[in-house]
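For reference, the chains in residue letters:
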Amino acid sequence: MNSAITNATKDMATNSSVNSAITNATKDMATNSSVNSAISSATSGLASKDYVNGAVSTIAIGGRNIATKTNQGTTGWHWSMKTGDYTMERFDDENGIACCKFTRGKKEHTGWSVIAYDYINRIMYKTSTKYTVSFEVKSSVTSGNIMCSFRLSNSSDPLTNDMVMGSIPTANTWTKLVCTLTTVSKFPTDTNQLLYLTGMNSIADAVYIFRNLKIEEGTKATAWTPAPEDIEEQNRLARINAIKDLQKQLQSEYNENIAKANKVYVDKYLPAGSTAKVNLNNKMTAYTTAYNNYNKYITTMIADSTVTDAEYTQYSTYATAYATAIKDLAEAIEDANSARLANVYA
């Protein structure tokens with residue numbers, strides 16, 4: 001699919017040489033040499049900027065994080081208490097990481113207290129296997145004996161043993177907590193287990209901020225990376241956003257190019273009914289048609305925020321047609337300008 005994106009965007013008629021042809025033809029209307037040169041180079045390589053793959057290539061891929069949707073604000077996180085209340089919100093830390101921030105309310109807390117994360121990617125686990133859980137937390141209060149396991153939200157059907165992760169010895173400082181869990185020898189029938197954390201200090205107004213959750217097979221905690229599933233999702237969004245950006249450029253360029261072509265078309269020195277004027281009018285119409293078809297298809301293609309290989313192929317067809325139309329328009333402007341100049345110096 002990436003090659004399809006590349007080919008489609010290479011066919012996009014956003015090449016500066018084509019626009020230079022139109023700009024130079026209307027700038028001083030005194031010479032055609034720059035237009036000829038620009039058209040020649042334009043036909044050899046339209047739209048050399050690879051917007052889509054450039055956007056995708058900025059996404060780094062690291063080690064295998066089994067947990068999905070991590071570092072996406074409040075996504076997947078929740079806090080349950082027998083009694084007590086809380087609020088949660090996205091919090092962007094000093095590095096721009098989208099953390100989850102919990103704030104305990106004023107209602108008195110009694111009984112159990114569990115902070116949990118849903119997206120542990122349950123289908124990825126093997127029986128009797130070690131998995132290491134790590135994350136960073138910053139709290140307004142200290143805590144000790146924080147316990148970690150994978151189990152249902154009602155504490156039943158454990159997928160792993162319980163392990164002490166460690167403590168939060170200092171308030172308002174990032175603390176990295178790590179523990180290695182071992183999965184049970186026979187998995188429960190229910191598959192809705194989640195990351196289950198207990199022992200957090202749950203006094204009123206306590207604040208907890210979580211980031212960089214990672215679950216990985218083995219006994220060693222490594223630096224946070226997104227799950228491969230999240231990379232795929234980021235790539236999809238990057239492609240869609242790149243196409244949206246490209247569409248905005250397309251719309252702007254169309255308006256500019258039609259305005260420039262029209263400036264030549266209405267010039268008093270371009271004879272009415274002349275071959276050059278009729279041809280320019282026809283090429284402006286063809287360019288508008290190609291633009292409308294292309295722009296409409298892009299809108300339809302990304303409407304569901306997914307793009308298939310078949311859609312990319314069709315996308316490339318419209319891009320090529322648009323590239324041809326803008327090249328033809330530049331040549332028509334050149335011919336019309338030549339006819340105009342002949343009358344200026346007649």
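Residues numbered from 1 in each chain as written. Predicted model: local features only at pLDDT ≥ 70, side-chain atom pairs only at ≥ 80, totals over all residues. Heavy atoms only, no water.

Chemist: Lay out the nonpolar core with the relevant residues and their values.
Modeler: If you look at the biggest cluster of nonpolar residues, it comprises 33 residues, and the most contacted ones within it are Val133, Tyr208 and Phe210. If sequence neighbours within four positions are ignored, Val133 has contacts with Cys148, Phe150, Met165, Leu177, Val178, Cys179, Leu181, Leu195, Leu213, Lys214 and Ile215. Residues Leu270, Tyr287, Met301 and Ile326 belong to the second largest nonpolar core, which totals 31 residues. (Core = buried A, V, L, I, M, F, W, Y, C linked by side-chain atoms within 4.5 Å. Buried < 20%, exposed > 50% of the residue type's maximum accessible area, 1.4 Å probe, protein only. Contact = heavy atoms within 4.5 Å.)

Chemist: Could you give me a rundown of the sheet that holds strand E5 (residues 130-139), with the residues and numbers involved?
Modeler: Spatially, the five strands line up as an open sheet ordered E2-E3-E10-E5-E8, and their pairing is antiparallel. The open sheet has two edge strands with one neighbour each: strand E2 (86-92) and strand E8 (175-182). Across the sheet, the axes of successive neighbouring strands diverge by a mean angle of 30°, strand direction being ignored. Where E5 meets E8, eight bridges bridge the pair, whose relative direction is antiparallel. The partner of Lys130 across the bridge, within E8, is Thr182. (Pairing = 2+ DSSP bridges. Helix = DSSP H or I, 4+ residues; strand = E, 2+ residues; numbered from the N terminus. Axes fitted to C-alpha atoms, helices over the stretch in contact; angles between N-to-C directions.)

Chemist: A description of the pattern of salt bridges should follow, citing residues and the corresponding values.
Modeler: Tallied over the entire structure, the rule returns 14 salt bridges. Among the salt bridges present, the one from Asp205 reaches Lys106, with a minimum N-O distance of 2.8 Å. Taken as a pair, Asp205 in the loop between strand E9 (194-198) and strand E10 (207-217) and Lys106 in the loop between strand E3 (98-104) and strand E4 (110-117) lie far apart in primary sequence, 99 residues in all. (Salt bridge = Lys/Arg side-chain N within 4 Å of Asp/Glu carboxyl O.)

Chemist: Go over the sheet that holds E9 with me, naming the residues and quoting the values.
Modeler: The five strands are arranged E1-E4-E9-E6-E7 in an open sheet whose pairing can be described as antiparallel. The open sheet has two edge strands, strand E1 (77-83) and strand E7 (163-168), and neither has a second partner. Across the sheet, the mean angle from the axis of one strand to that of its neighbour is 25°, orientation sign disregarded. One ladder, built from four bridges, connects strand E6 (residues 143-151) with E7; its direction is antiparallel.

Chemist: Quick one: what's the story with the confidence of the model for the chain, residue by residue and with numbers?
Modeler: On average, residues of the chain score 85 in pLDDT, and 82% of them are at 70 or above. Segment residues 1-18: pLDDT under 50, and 58 contacts once partners within four positions in sequence are set aside and those in other chains are kept. Taken as a whole, residues 25-62 scores under 50 in pLDDT and shows 80 contacts with residues more than four places along the chain or in a different chain. (pLDDT = per-residue confidence, 0-100.)

Chemist: Any chance you could break down the packing of aromatic side chains for me, citing the residues and the numbers?
Modeler: Evaluated as defined, the whole model comprises 20 aromatic pairs. Residues Tyr294 and Tyr322 carry aromatic rings whose centres are separated by 5.6 Å and whose planes lie at 45° to one another, so their mutual orientation is tilted. Of this pair, Tyr294 sits in helix H6 (residues 275-301) while Tyr322 sits in helix H7 (residues 309-344), placing them 28 residues apart in sequence. Residue classification places Tyr294 among the buried positions, given a relative accessible area of 0%. Grouping aromatic residues by their ring pairs yields a cluster made of Trp77, Trp79, Tyr86, Phe102, Tyr117, Tyr119, Phe135, Tyr208 and Phe210. The residue whose ring lies beneath Arg211 is Trp174, and the NZ or CZ to ring-centre distance is 3.7 Å. (Phe/Tyr/Trp six-rings, centres within 6.5 Å; stacked < 30°, edge-to-face > 60°. Lys NZ or Arg CZ within 6 Å of the ring centre and 35° of its normal.)

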